[in-house]
Structures are given as structure tokens and as C-alpha cells.
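Coordinate inspection notes
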Amino acid sequence: MKKLLLLFCLPILFNSCTEKQESMKSFSTVALKEIHTDSISIRAIVLDSNQLWFAGNKGKYGAIDLVTQKKFRGRIAKDSLHPEFRSIAKTKEAIFVLSVANPGLLYKISNDKKVVKLVYEEKNEKVFYDSMQFLDDRFGVAMGDPIADCLNIITTTDGGNSWKKIPCEKLPKVEEGEAAFAASNTNLMLRNNKIIIVSGGKKARCFVSEDKGNTWNVYETPIVQGKTMTGIFTADFYDENIGFIAGGDYEKQEDNANNKAQTKDGGKTWKLVGQNTGFGYASCVQFVPNSKGKALVCVGGTGVHYSSDSGKTWKKMLEDKDLYTLRFQNDSVAYAAGKNRVVELLFGE
């Protein structure tokens, strides 16, 4: 009877092992292909079906059809100003691009690329917007550095046609010298009704609202902080609970201590990982889709790095230091952009 039971179980055990191995596939190679070049600095990209939209400096934005490789290029001017765009987001009807500095300019671009409309403008010498995201086709959020004693946050509930500032009295106070970095449009994440924002500078913290911005909690992180160019530069959440933050010291880009941390409770507590290993200064970190929150890719000042164990260990995949932002199309294809180009990254086992 025992022998029969053992023989019966063997196929089950074999299948279980096979499934586990398949789910734990690991990247060992990456192929890079340039798909767009221009005189432009790109820190904001978004995937919309088979199109990749990008926005950069000099008022430039555009779209690349990832099937036909057909390209569209546009340029926005406000009077004599060509804005620098570092935030981009989408709904089913339009693409939105947001400039960084005074005046803060938010444009809505129709999907057919024919209509470009200014939907929000903010004039203040301290205006500096860092990131923008949509939760769905109605609700969106953009965040920026403090103008007063709170982060500068605006929201929309009508698909981006109008935007409203959250009053400072409804937001947590920031510490002296606390702000954010417009490195890759990844200071802000929306997961269901939860808004997650990360900061840097003299303080590196995590701001969380679980009710679309009505109330907030602030949580400390162990990321290096204390100087103007230190802190969290980028974050990603695999779901509402599993998240990863990265950054470092922009002025010491090789330093890879105290620059990576993970959370498993939605940002309430953070644990340093990958100490003194892997990348230094990080511009953008993203979870690999369908990896159960274990696989990550980072781009930044020390190249392209990959982890398959939740950030504990890292493998350098490319020496390329001129990629600033990254988004995955699926679990093996990603697109990245940076200095003068957009590239496709094809990861393999």
C-alpha cells in the first residue's frame, strides 16, 4: 500500500516542482535595442496599448507605435517658453503631460494627437512638480515639492479636465528640507483607493492615504537622508502591500549602502535590503510583472541591475548609465528612456 501511495504521489511531486521552477524563472541576459533618438532628456514614459508615449525637456513629447515603429513627435510652447516635462499619465481618452517648474503647466493631449489643451496652470516661484498618475479614467493625482509647509498635491475626479489643489491643512506637514525628486515619474503610486508618495532631501519618508487623499499617515524610512540630494528617488508597489523604495546620494553615485528598502505592509514599515551590493544611485525601480513581488529592475547612475529575490542580491545587466526611467510591457519586455533616446529591453533566461 505504501509503495502504491508513493508511486501515486511521484507525478504530483514532479508537477509541483516543475510549476515552482517555471514560476521562479530568472533573467540572465538582456538585449537592448534603440527605438527612438533625439536631442532630448526623457524622464517620463507611459505605455498605452501598443504605443509608448514619452515627454521630456524643450517642450518635446511624442509616441512610438511598438508594432509598426511609426513615430509621432510634438512640441509645446507657452508664449516663448518650452516647458520641461517630467510627468506623464494616461486615461482611455487622453495623455497628460506636466511640467516641473514655474509656471506648472498640465496639458491634455487627445489620443488622436490632434488636440492639445492646457487644463491646469500654477504660478509660484516654488512650484516644482515631480510625478503624476491616474488610478482609472476619472481619478488622478499629481504631486510636487512644498510651496508652503506641505507637499503640493492636486487631484482630478473628471478624467483630467479640471484639477484642484488639496489644501495644506488637510495634508501632513513636511520637515525642513524635505521635498521630492522628479527623476522618473515614480514618486507617486495609486493602488485601489490608496495614494502612496515618497520624499527625499533632509527627510526620506512615505506618505500614505487610504481614502483618495482625505486623510494621511506618514511613515519613516531607513533610506539615507539628511542632505539636499539624498533620499528616495524612486518607488514601486507590486500591489497594495508589497513595495520597494530606492535612491541614495546623487553626489556619491557609487555608494550602495542604505539606498534600498522593502515593505510588506503597504508602506508602514520598511526594511533595508541589498546593503553594500548592487546599484548605487537609483533613478527608477520597477517590479517585474507576474513575479509575485520578488523580481525588480533598476536603472540609474551605476547601470541596469536585476534582482530575483526581493532586492537582497543584484546582478548588473548593463553598464548603461544614461537611462532614467523604465516601464514593463510584460514579464520579459520593458522600455526605458533617458539621455537622447528610448530603448527596448528584452530580458531572457
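The model shown is predicted, which means the values in this text are computed figures rather than measured ones.

So, on to the overall build of the chain. Counting its regular elements, the chain contains 1 helix and 28 strands. Taking 20 Å as the expected radius of gyration for a compact globule of 349 residues, we find that the chain reaches 21 Å, a close match to that expectation. Burial statistics for the chain: of 349 residues in total, 55% are counted as buried. Of the contacts formed within the chain by residues at least 6 apart in sequence, a portion of 49% connects residues at least 24 apart. A total accessible area of about 15600 Å² is found for the chain, and carbon and sulfur atoms account for 49% of it. One finds the centroid of the 48 positive side-chain charges in the chain at a distance of 3 Å from the centroid of its 41 negative side-chain charges.

Attention now moves to the sheet that holds strand 23 (residues 282–287). The 4 strands lie next to each other as 23-24-25-26, forming an open sheet whose pairing is antiparallel. Single-partner strands in this sheet number two, and they are strand 23 and strand 26 (315–318). Across the sheet, the axes of successive neighbouring strands diverge by a mean angle of 25°, strand direction being ignored. Bridging between strand 25 (residues 303–307) and strand 26 involves 3 bridges; their strand directions are antiparallel. Residue pairing for strand 26: His-305 is matched across the bridge by Lys-316.

By secondary structure assignment, the location of Leu-346 is in strand 28 (residues 333–348). A relative accessible area of 42% means that Leu-346 is categorised as partly exposed. The sequence separation of Leu-346 and Tyr-120 amounts to 226 residues, and the corresponding C-alpha distance is 37 Å.

With antiparallel pairing, 4 strands are arranged side by side in an open sheet as 9-10-11-12. The two strands at the open ends of the sheet, each matched to only one other strand, are strand 9 (129–134) and strand 12 (164–165). Two strands pair when backbone bridges link them, and strand 10 (residues 140–144) and strand 11 (residues 152–156) are joined in this way by 5 bridges, in the antiparallel orientation. Opposite Gly-140, over in strand 11, you have Thr-156 as the bridge partner.

The next subject is a positive patch on the surface. On the surface, Lys-264, Lys-271, Lys-292, Lys-294 and Lys-312 cluster together into a positively charged patch. Mapped onto the secondary structure, Lys-264 falls in the loop between strand 21 (260–263) and strand 22 (271–272).

Here we take up the state of the cysteines. A full pass over the atoms with the stated rule returns 1 disulfide. Of the cysteine sulfurs around Cys-284, a residue in no disulfide, the closest is that of Cys-298, at 7.5 Å. A relative accessible area of 0% places Cys-284 in the buried class. Given the relative accessible area of 0%, Cys-298 is considered buried.

What follows deals with the packing of aromatic side chains. Evaluation of the coordinates by the stated rule reveals 16 aromatic pairs. Look at Phe-134 and Trp-163: their rings are 5.8 Å apart centre to centre, the planes differ by 80°, and that puts the pair in the edge-to-face class. Note that Phe-134 is positioned in strand 9 and Trp-163 in the loop between strand 11 and strand 12, a separation of 29 residues in sequence. On the accessibility criterion, Phe-134 (11% relative accessible area) is buried. Look at Trp-163 and you get buried, because its relative accessible area is 9%.

Along the chain, Thr-325 falls in strand 27 (residues 323–328). Thr-325 sits in the buried class, given a relative accessible area of 0%. At 3.1 Å, the side chain of Thr-325 and the backbone oxygen of Ser-184 are in polar contact. Apart from residues lying up to four places away in sequence, Thr-325 is in contact with Ile-42, Arg-43, Ala-44, Ile-45, Ser-184, Cys-284, Val-299, Tyr-335, Ala-336 and Ala-337.

All right, on to the pattern of salt bridges then. Across all of its chains, the model carries 14 salt bridges by this definition. Here Glu-344 ties to Lys-33 by a salt bridge, and the two come within 4.0 Å at their closest N and O atoms. Of this pair, Glu-344 sits in strand 28 while Lys-33 sits in strand 1 (residues 29–48), placing them 311 residues apart in sequence. Close ionic contact of Glu-121 with Lys-78 constitutes a salt bridge, the shortest N to O distance being 3.7 Å. A residue pair is termed long-range when its members are at least 10 positions apart, and Glu-121 in strand 8 (residues 116–122) and Lys-78 in the loop between strand 4 (71–75) and strand 5 (85–90) qualify at 43 residues. On the accessibility criterion, Lys-78 (23% relative accessible area) is partly exposed. What you see here is one network of salt bridges that share partners, running through Glu-34, Asp-320 and Arg-341.

Turning our attention to the nonpolar core. Core analysis: the largest hydrophobic core is formed by 19 residues, its most contacted members being Val-297, Val-304, Met-317, Leu-326, Phe-328, Leu-345 and Phe-347. Taken together, the elements giving at least two residues each to this core come down to strand 24 (296–300), strand 25, strand 26, strand 27 and strand 28. The biggest single contributor to this core is strand 28, with 5 residues.

What counts and what doesn't
Residues numbered from 1 in each chain as written. Predicted model: local features only at pLDDT ≥ 70, side-chain atom pairs only at ≥ 80, totals over all residues. Heavy atoms only, no water. Helix = DSSP H or I, 4+ residues; strand = E, 2+ residues; numbered from the N terminus. Rg over C-alpha atoms; globule rule 2.2 N^0.38 Å. Buried < 20%, exposed > 50% of the residue type's maximum accessible area, 1.4 Å probe, protein only. Contact = heavy atoms within 4.5 Å. Areas by Shrake-Rupley, 256 points an atom, 1.4 Å probe, with all protein chains shown as cover. Lys, Arg positive; Asp, Glu negative; His and termini not counted. Charge placed at Lys NZ, Arg CZ, Asp CG, Glu CD. Pairing = 2+ DSSP bridges. Axes fitted to C-alpha atoms, helices over the stretch in contact; angles between N-to-C directions. Patch = residues over 30% accessible without salt bridge, like charges linked within 9 Å, V, L, I, M, F, W, Y side chains within 5 Å. Salt bridge = Lys/Arg side-chain N within 4 Å of Asp/Glu carboxyl O. Disulfide = S-S within 2.5 Å. Phe/Tyr/Trp six-rings, centres within 6.5 Å; stacked < 30°, edge-to-face > 60°. Polar contact = N/O pair within 3.5 Å; in protein donor to acceptor, adjacent residues only side chain to side chain. Core = buried A, V, L, I, M, F, W, Y, C linked by side-chain atoms within 4.5 Å.

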